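Listed here are the chains, written in short residue letters.
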Amino acid sequence: MSKIAAQFKDKKALITYISGGDPSLEMTEKLIYRLQEEGVDIIEIGIPFSDPLADGPVIQEASQRALKNGCTLKKLIEMLTDIKDKVKVPIVLMGYYNSVLNYGEKEFVEAIKKAGVSGVIIPDLPVDEKADLAYYLKEAALDQILLVTPNTSDERLKEISNSSSGFLYCVALLGTTGDARGPYPQLESYLKRVRKTAGDIPLGLGFGIDGPEKVKKFIDYPDGVIIGSALIKAITAGETETEKLENAGEFVRNIKKVLANYK
Amino acid sequence: MENQAIKMQRKTDLNKGYFSQFGGRFVPETLMPVLDELEAVYNHYKDDKEFKQELKSLLADYSGRPTSLYYAEQLSKHYGGAKIYLKREDLNHTGAHKINNTLGQILLAIKMGKQRIIAETGAGQHGVATATVAARFNLDCEIYMGAEDMERQALNVYKMEMLGAKVTEVNSGTQTLKDATNEAIRDWVRNVEDTHYIIGSVVGPHPYPVMVRDFQRIIGDECKKQIIAKEGRLPDYILACVGGGSNAMGIFFPFVDDKEVKMIGVEASGKGIDSGKHAATLSAGRVGVLHGSKSFLLQDEDGQIIPAYSISAGLDYPGVGPEHSHLKSIDRVEYHSATDLEAVKAFKLLSEKEGIIPALESSHALSYLEKLAPQLSEDEIIVVNLSGRGDKDINNFKKIKEAEKNV
């Protein structure tokens, strides 16, 4: 079992997303320690990209702040490499395919392996196109987490869940990240259908899950929840660094309180 | 073990929608089912007699096809070399070649039972062509347009609104065509069940590059018949401007196997490639992935997309259709570029010599005549695709005048 998959054992996992380098890599480093202390199970770190077409406004703006302050994929990987001994929680990099292609797929996998990263999520790299990267990730024993959506057919579901490792990212609605309309009205039947086809792989639910209320309402069906935009909003609302870190801590504690009641 | 990677790569290459290594489908999973549906519906109807007849009648009676192939005698005399013909796509309804594609796609949208149409637009020509067909077929229509382009092309914004479309201003990123495309894709992801996205160029995920090319190839098919009727042979050169590349693909494609026809795509080099302010993707870009397909791309060392620049909003795009990348890589088409000033000079020249005001986009293709035509003899033939007319650029006239002072 991979380090990522192990985080779903005997509990509902909390997966949080922050944008790398927003507003600085120093802040990202501090947020990683804080989220780890608060008991987050997996930390996703966004690779900032100029044209994040699967993301809503909150993550778009976070990405822009990071780029404005000079964050690059290379610098992000260097920072993670520097702090790897202090990070026990699995780190997943989430970013767009052009960033990886530009870095070099083989070189990217080698570099993130050295940085202690456990897996990647590339939302614009569907199962049909993932061949080369999948090969290098497998060689390096890193997870490639693929996404399914409410309109994914059973046939594709099967192919995607067979190719996904670590967990299966179940997009909660037809929409972009941080979409307040979520989740999908027929979430229960959607996730039951996924479960039936996907077998034992843990299911993570994300996109538009914005706080304890929604977590409470929908946590019965998946094995974990993924929260990004709402956490970034809370962090950004803080005026000082201490306030930002405290906001992150409070946000996580509120979600953990809900999750503690479930197994 | 490297062999395994190559084997897996080959599997990818066999996927539909690739032109050698270019193309593919790099989109969020949400869009994969609709792309499959669109591909299946398109493949079914493209050979369907009734569908073809319906599209043919619309192109003839609604848009005014065939467009003429005009011998530009005065322009030819001016350069004193080859015979120059203009393929008059500017004479289409709505003033450019864009309607060839929007008519085709809206018929498919109706076949798929979609209620709503969205599109991105740069110069506004594709937005107007989309709003036009949405009005004609009574579908809801929303057009995404960069805030900067809305200012540059205000006339087209009024037109779209007159036609009943909602024009949504895009303020993210560089506020131009690239960002309008991002917003249109995000809208599509949110409304995938009832909405069809009419992409305006030979870009985007499969099947768009193939489908848009097929709807635009009528330009080249007509041109071939017309030049044979007039001259009894094929042209020596075909020139077309390239932003995303739909008018160029449309006129080039039927001639790809006619090896004696040399084809030249002209990109916008803005203030000059060295200035960094340009849109010359094939001349100065590297292979990458944007808006769903792999192609040449303007990007920095970190893989961030570099904003494109051109005086012409329709060429102001940092990507290019994957089939152009393919045609470049196999050396079938040559790609050059023209600056703002060169385009403006050609814009003025055609207006004065032939009484035809060309779009600034098409003026980039025209400007290459200065380099090419005088080198050729009188019995050689050049066809330029005059992809659109310049009315929309008139309210840019002040900018054009200023640029002219420097010519």
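Computed from a predicted model, the values in this text were never measured in an experiment. (Residues numbered from 1 in each chain as written. Chains lettered and ligands numbered in written order. Predicted model: local features only at pLDDT ≥ 70, side-chain atom pairs only at ≥ 80, totals over all residues. Heavy atoms only, no water.)

Let us now look at the overall build of chain B. In terms of helices and strands, chain B carries 18 helices and 14 strands. In summary, chain B has a C-alpha radius of gyration of 20 Å against a globular reference of 22 Å for 407 residues, a match within 12%. C-alpha extents for chain B along the principal axes are approximately 60 × 55 × 45 Å. Taking all 407 residues of chain B together, 64% fall into the buried category. By sequence separation, contacts in chain B at least 24 residues apart represent 74% of the contacts at least 6 residues apart. Here chain B has roughly 15100 Å² of accessible surface; of this, 49% comes from carbon and sulfur atoms. Distance between charge centroids for chain B: 2 Å, based on 49 positive and 57 negative side chains. (Helix = DSSP H or I, 4+ residues; strand = E, 2+ residues; numbered from the N terminus. Rg over C-alpha atoms; globule rule 2.2 N^0.38 Å. Buried < 20%, exposed > 50% of the residue type's maximum accessible area, 1.4 Å probe, protein only. Contact = heavy atoms within 4.5 Å. Areas by Shrake-Rupley, 256 points an atom, 1.4 Å probe, with all protein chains shown as cover. Lys, Arg positive; Asp, Glu negative; His and termini not counted. Charge placed at Lys NZ, Arg CZ, Asp CG, Glu CD.)

Before going further, it helps to spend a moment on the UniProt feature "modified residue: N6-(pyridoxal phosphate)lysine" (unreviewed entry) in chain B. All names here are of chain B. Residues annotated in UniProt with the feature "modified residue: N6-(pyridoxal phosphate)lysine" (unreviewed entry) correspond here to Lys98. Following the sequence through the fold, lysine 98 ends up in helix α5 (residues 98-111). In this view, lysine 98 contacts Gln125, His126, Ala129, Gly200, Ser201, Gln216 and Ser246; residues no more than four positions away in its chain are not counted. (UniProt positions renumbered as here; feature names shortened; annotations may be inferred.)

Another aspect to go through is the UniProt feature "domain: Tryptophan synthase beta chain-like PALP" (unreviewed entry) in chain B. The UniProt feature table records "domain: Tryptophan synthase beta chain-like PALP" (unreviewed entry) at residues 64-388 of chain B. In the segment residues 64-388 of chain B, helix accounts for 40% and strand for 21%; the C-alpha atoms at its two ends are 14 Å apart.

Further remarks concern the sheet that holds strand β4 (residues 83-88) of chain B. Residues and elements named next belong to chain B. A sheet is described by the order of its strands in space; here six strands give the open sequence β3-β4-β14-β9-β10-β13, paired in mixed fashion. The sheet is open, and its two borders are formed by β3 (69-71) and β13 (333-339), each paired with just one other strand. Put simply, the sheet's adjacent strands are angled 25 degrees from each other on average, direction ignored. With three bridges joining them, strand β9 (residues 237-241) and strand β14 (residues 381-386) adopt parallel strand pairing. Paired with tyrosine 237 across the two strands is isoleucine 382, which belongs to β14. Across the face of the sheet, helix α11 (residues 218-231) comes into contact with β3, β4 and β14 while running at roughly 140 degrees to β4. (Pairing = 2+ DSSP bridges. Axes fitted to C-alpha atoms, helices over the stretch in contact; angles between N-to-C directions.)

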